[in-house]
Amino acid sequence: MNIFRHRPFGLLAPALLIAVAGCSSADDGATVAVPSPDAKTAKVCRDLHRVLPQKLDGRSRNDPEPRSAYTAGWGNPAIILRCGVVRPPKMVDPEVAEGGDPDAVAGGVNGVDWLMEKQGDGTWRFTTANRVAYVQVSLPEGMSAQEEGTAVLTDLATAVKKAIPQGIASMR
């Protein structure tokens, strides 16, 4: 007896449901707002994207959605990099420059200057300084700025120095 002659969709329907369920499982991947840099900044951000490491502080590359040459990610929960962001307000805050802001500190790691900012949710964000494009790196909840943050910035320093020349980023 041919089961498909009497029930053409009898076995097909469960197979389709299993396939759809498998494809629609919860995705733990990160999503991120993609920056919209000007043409000059876009070029150096694409250059950076090409030389970013496949591993960062032992975490494998896991780029966020939507995919873009201006974003990258590592691990889950992801360390997120965004290139071509606007200058953070604290970058020009005299209180930060004088060391008077406990939630924002300027410093350097392996030849790259960074502004380190503690966010309202307790996470940390780093933004390059003295480069022709602002590159922002956000740590996921639970990662410390002092330990893991330093390792992340150390791992990124070579790529940033290679792709993002020193200089002044646009004032956007």
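For the structure itself, consult the block above.
Before going into details, it helps to say that this report is about the structure given with it. Predicted, not measured: the structure shown is a model, and the values here were computed from it. (Residues numbered from 1 in each chain as written. Predicted model: local features only at pLDDT ≥ 70, side-chain atom pairs only at ≥ 80, totals over all residues. Heavy atoms only, no water.)

## Here's the deal with the nonpolar core
- Of all hydrophobic cores here, the largest spans 33 residues; its most connected members are Leu48, Leu81, Phe126 and Ile164.
- Mapped by element, the contributors of at least two residues to this core are α3 (39–51), β3 (71–74), β4 (79–83), β6 (112–118), β7 (124–129), β8 (135–138) and α5 (145–163).
- For this core, the leading source of residues is α5, giving eight residues.
- For Leu81, the residues in contact, after removing those within four places along its chain, are Leu48, Leu52, Tyr70, Thr71, Ala72, Trp74, Val135, Gln136, Val137 and Leu156. (Core = buried A, V, L, I, M, F, W, Y, C linked by side-chain atoms within 4.5 Å. Buried < 20%, exposed > 50% of the residue type's maximum accessible area, 1.4 Å probe, protein only. Helix = DSSP H or I, 4+ residues; strand = E, 2+ residues; numbered from the N terminus. Contact = heavy atoms within 4.5 Å.)

## Some remarks on the packing of α3 against α5
- With their axes 9 Å apart at the nearest point, α3 and α5 run at an angle of 145° to one another. Pair α3 / α5 crosses with right-handed handedness. On α5, the residues that touch Val44, Asp47, Leu48 and Val51 of α3 are Ala159, Val160, Lys162 and Ala163.
- The residue inventory of the contact of α3 with α5, partitioned by class, reads six nonpolar, no polar and two charged. (Axes fitted to C-alpha atoms, helices over the stretch in contact; angles between N-to-C directions. Left-handed = near helix turned anticlockwise from the far one by under 90°. Nonpolar A, V, L, I, M, F, W, Y, C, P; charged D, E, K, R; others polar.)

## Notes on the pattern of salt bridges
- On inspection of all chains with the given rule, the structure shows six salt bridges.
- For the salt bridge of Arg61 with Asp63, the shortest nitrogen-to-oxygen distance reads 2.6 Å.
- Look at Asp63 and you get buried, because its relative accessible area is 18%. (Salt bridge = Lys/Arg side-chain N within 4 Å of Asp/Glu carboxyl O.)

## Things to note about the state of the cysteines
- One pass over the structure, following the stated rule, counts one disulfide.
- In this model, Cys45 is linked to Cys83 through a disulfide, with the two sulfur atoms separated by 2.1 Å. Where Cys45 bonds to Cys83 through sulfur, the torsion about that S-S bond is close to -80°, and the disulfide is left-handed. Here Cys45, found in helix α3, pairs with Cys83, found in strand β4; they are 38 residues apart in sequence, far enough to count as distant. In this pair, the class of Cys45 matches that of Cys83, namely buried. (Disulfide = S-S within 2.5 Å.)

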